[in-house]
2 protein chains.
Amino acid sequence: MANQNKSDRIVPVGITQMTCAEDPAVNRKKQAALIEQAAKKGAKIICTQEMFASQYFCQVEDHRFFKLAETIPGPSTDLFCKISKKYGCTIIASLFEKRAAGLYHNTAAIIDQGQVLGIYRKMHIPDDPLYYEKFYFTPGDTGFKAWDTKYAKIGTLICWDQWYPEAARLTALQGAEILFYPTAIGWHPHEKELYGTAQHESWEIIQRSHAVANGCYVCSPNRIGIEKIRDEMGGYVNDAGIQFWGQSFMTEPSGQIIYRASIDKEEVIVNPLDLEKVEFARTHWPFLRDRRIDSYGDLTKRFIET
Amino acid sequence: MANQNKSDRIVPVGITQMTCAEDPAVNRKKQAALIEQAAKKGAKIICTQEMFASQYFCQVEDHRFFKLAETIPGPSTDLFCKISKKYGCTIIASLFEKRAAGLYHNTAAIIDQGQVLGIYRKMHIPDDPLYYEKFYFTPGDTGFKAWDTKYAKIGTLICWDQWYPEAARLTALQGAEILFYPTAIGWHPHEKELYGTAQHESWEIIQRSHAVANGCYVCSPNRIGIEKIRDEMGGYVNDAGIQFWGQSFMTEPSGQIIYRASIDKEEVIVNPLDLEKVEFARTHWPFLRDRRIDSYGDLTKRFIET
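The structure contained in this document is the topic of the report that follows. (Residues numbered from 1 in each chain as written. Chains lettered and ligands numbered in written order. Predicted model: local features only at pLDDT ≥ 70, side-chain atom pairs only at ≥ 80, totals over all residues. Heavy atoms only, no water.)

So, the sheet that holds strand β14 (residues 257-260) of chain B
Strands in a sheet are paired, the pairing made by backbone hydrogen bonds, and the direction either parallel or antiparallel. Residues and elements named next belong to chain B. What the six strands build is an open sheet, ordered β6-β7-β8-β10-β13-β14; its pairing is mixed. The open sheet has two edge strands, β6 (146-148) and β14, and neither has a second partner. The sheet shows a mean angle of 15° between the axes of neighbouring strands, direction not considered. In this structure, strand β8 (residues 178-180) lies alongside strand β10 (residues 217-220), joined through three bridges in parallel fashion. When the sheet's bridge partners are listed, Phe180 is paired in β10 with Cys219. Running at roughly 35° to strand β13 (residues 249-251), helix α6 (residues 189-214) makes contact with β8, β10, β13 and β14 of the sheet. (Pairing = 2+ DSSP bridges. Helix = DSSP H or I, 4+ residues; strand = E, 2+ residues; numbered from the N terminus. Axes fitted to C-alpha atoms, helices over the stretch in contact; angles between N-to-C directions. Contact = heavy atoms within 4.5 Å.)

Things to note about the pairing of strand β3 (residues 90-100) of chain A
Residues and elements named next belong to chain A. Across the eleven residues of β3, eight count as buried, placing the element largely inside the fold. Of the pairings in the sheet, the one linking strand β2 (residues 45-47) to β3 comprises three bridges and is parallel in character. Across the sheet, residue Ile45 finds its bridge partner in β3, namely Thr90. Where β3 and strand β4 (residues 103-112) come together, ten bridges link them in antiparallel fashion. Bridge pairing in β4 links Ala100 to Leu103. (Buried < 20%, exposed > 50% of the residue type's maximum accessible area, 1.4 Å probe, protein only.)

Comments concerning a nonpolar patch on the surface
A grouping of Leu194 and Tyr195 of chain A together with Phe280 of chain B is seen on the molecular surface, where their side chains present a nonpolar patch of about 310 Å² in accessible area. Along the chain, Tyr195 of chain A falls in helix α6 (residues 189-214). When its relative accessible area of 33% is taken as the criterion, Tyr195 of chain A is described as partly exposed. (Patch = residues over 30% accessible without salt bridge, like charges linked within 9 Å, V, L, I, M, F, W, Y side chains within 5 Å. Areas by Shrake-Rupley, 256 points an atom, 1.4 Å probe, with all protein chains shown as cover. Salt bridge = Lys/Arg side-chain N within 4 Å of Asp/Glu carboxyl O.)

Quick look at the packing of aromatic side chains
Summed over the entire model, instances satisfying the criterion amount to 54 aromatic pairs over all chains. Considering the side-chain rings of Phe66 of chain B and Tyr104 of chain B, the 4.5 Å spacing of their centres and the 45° angle between planes classify their relative orientation as tilted. Here Phe66 of chain B is found in the loop between β2 (45-47) and α3 (75-87), whereas its partner Tyr104 of chain B is found in strand β4 (residues 103-112), with 38 residues between them in sequence. Owing to a relative accessible area of 15%, Phe66 of chain B belongs among the buried residues under this scheme. Measuring from centroid to centroid gives 6.5 Å for Phe96 of chain B and Tyr136 of chain B, while their planes differ by 90°, and the two rings are edge-to-face. Highlighted residues: Phe96 of chain B in strand β3 (residues 90-100) and Tyr136 of chain B in helix α4 (residues 133-136), separated in sequence by 40 residues. Each member of the pair Phe96 of chain B and Tyr136 of chain B is classed as buried. Clustering of aromatic rings is evident, with ring pairs tying together Phe57, Phe65, Phe66, Phe96, Tyr104, Phe135, Tyr136 and Phe137 of chain A. Sitting above the plane of the Tyr236 of chain A ring, Lys228 of chain A keeps its charged end 5.4 Å from the centroid. (Phe/Tyr/Trp six-rings, centres within 6.5 Å; stacked < 30°, edge-to-face > 60°. Lys NZ or Arg CZ within 6 Å of the ring centre and 35° of its normal.)

Remarks on the interface of chain B and chain A
Taken residue by residue, the interface counts 59 residues in chain B and 59 residues in chain A. Summed over both partners, the interface of chain B with chain A comes to about 5,600 Å²; 61% of that surface belongs to carbon and sulfur atoms. Inspection of the chain B/chain A interface yields ten salt bridges. When the shortest N-O distance is used, the salt bridge between Arg289 of chain B and Asp128 of chain A registers 3.9 Å. (Buried area = accessible area lost by both parts, 1.4 Å probe.)

Below you can see the structure in the form of structure tokens.
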């Protein structure tokens, strides 16, 4: 009986990494195929990379790209709801959401057993050279959320959110056992030699730390390939583009890497996650017990002038 | 002129790791010698391991050990103020503080240019097998603090605090450029083979992540040696004791390890830290800019029932 219960909590989880073409229909079809591959490998919860339906158009501020956005429900969620129903799985689909005219978000749809269970809108929006997201995405108004899906209590955050321990904590405090981080992050090719290793390590460390601090699994699918975005005249907005660094990964609640994917190969990664380890981690290293909530009020300040 | 300013911001920083004997006088003398070694190597800010003046008595709940506590000012701060004055340096001294009868804290004294500039009392207190700190230490009431010392704006937290991103953030939000974590953490010898590597990695990852999230340096001195605590009858309260894992380290604001010490050798570690890198990190990966302070209110909740 004990064994039966224990094995019930071992959930195969899938993440995918792929290149993206200019045509959303092509990307959607490819992403659907990878999700089905993961489902056939037994994955019960599957998460896409960030905004799989398009190239990473945020390399430039160009109003043309708003036409890439889709509604929820819309073409991607319609397709993935069918796949979710067919395989009885949960799918986290990272989308460019059109909410209303002039109101767009970077949004993850959580699809469970054929239905859209809810959405999470990216709360932290970057704006840096070639990552001009503040032009496109209104900061999320969903707050941080966790969902009871059929197989696990999960939370999702999106890319830039990954640098914020606050976001991971607020999601874990709702009971999330697995945090997903659909991501599109890469190197400026001219910076790669000098900063590339450190940048990648920073990215991995901060997400592994969310596992450690919260005693939960972390799964981060990232895109691959070099993407150069075309301007209206057919040239490139930036000749070097971005080289996405792939290396999608999953970590144990201890922060140990379960699997780290390649930099540049399309991959469907499925691993069994034992959710009993979440309870074990939280009981044996009981960080939640000792939080000094009486002293955290200033976390809502921008800065603390002394 | 630009170079002059820049070199002014390169500060040699020292941390030390050592074994501790039963006699506080012996430990204090040894710690003072290591601090002087660091100062002679040029260190301008020097941090001790956690509670250098005694063995890690928290392996058992025993009222005898309250006599190990000292007042602030007291013998350790008196001695270190002299060293601080002699070398013109800042010393972070981790002490077992007697505040009043029946009121004890795990406290760091920040000594600058011969004076006690302030104290920080450990806010997060653990209580786990062989780490029975809640018996000895009243949770700190100083809150999280940063200090303008002669050479840098610094913050200190203590050991168990290191698992809390909230603590690092609240210190960094006061402008701290370097976070210090005086530590006493080790393996239960019987767990070492199965969990030892993962435990040590979790510890390093979470602290490296504070550097990443906050764009600051992190310096963590940890004790070394195997300590078995004697009971009143002269036997050991635990035959295996704790094997402290040393490996004191310093990280860049990117989270990259600058230096990782040995597991079991006494060491005086001094490295030049370029504080311009703190500004560079915070400007180029501007996480502080995008914090969603409007959505962090629930961080003061124990749990978020959904």
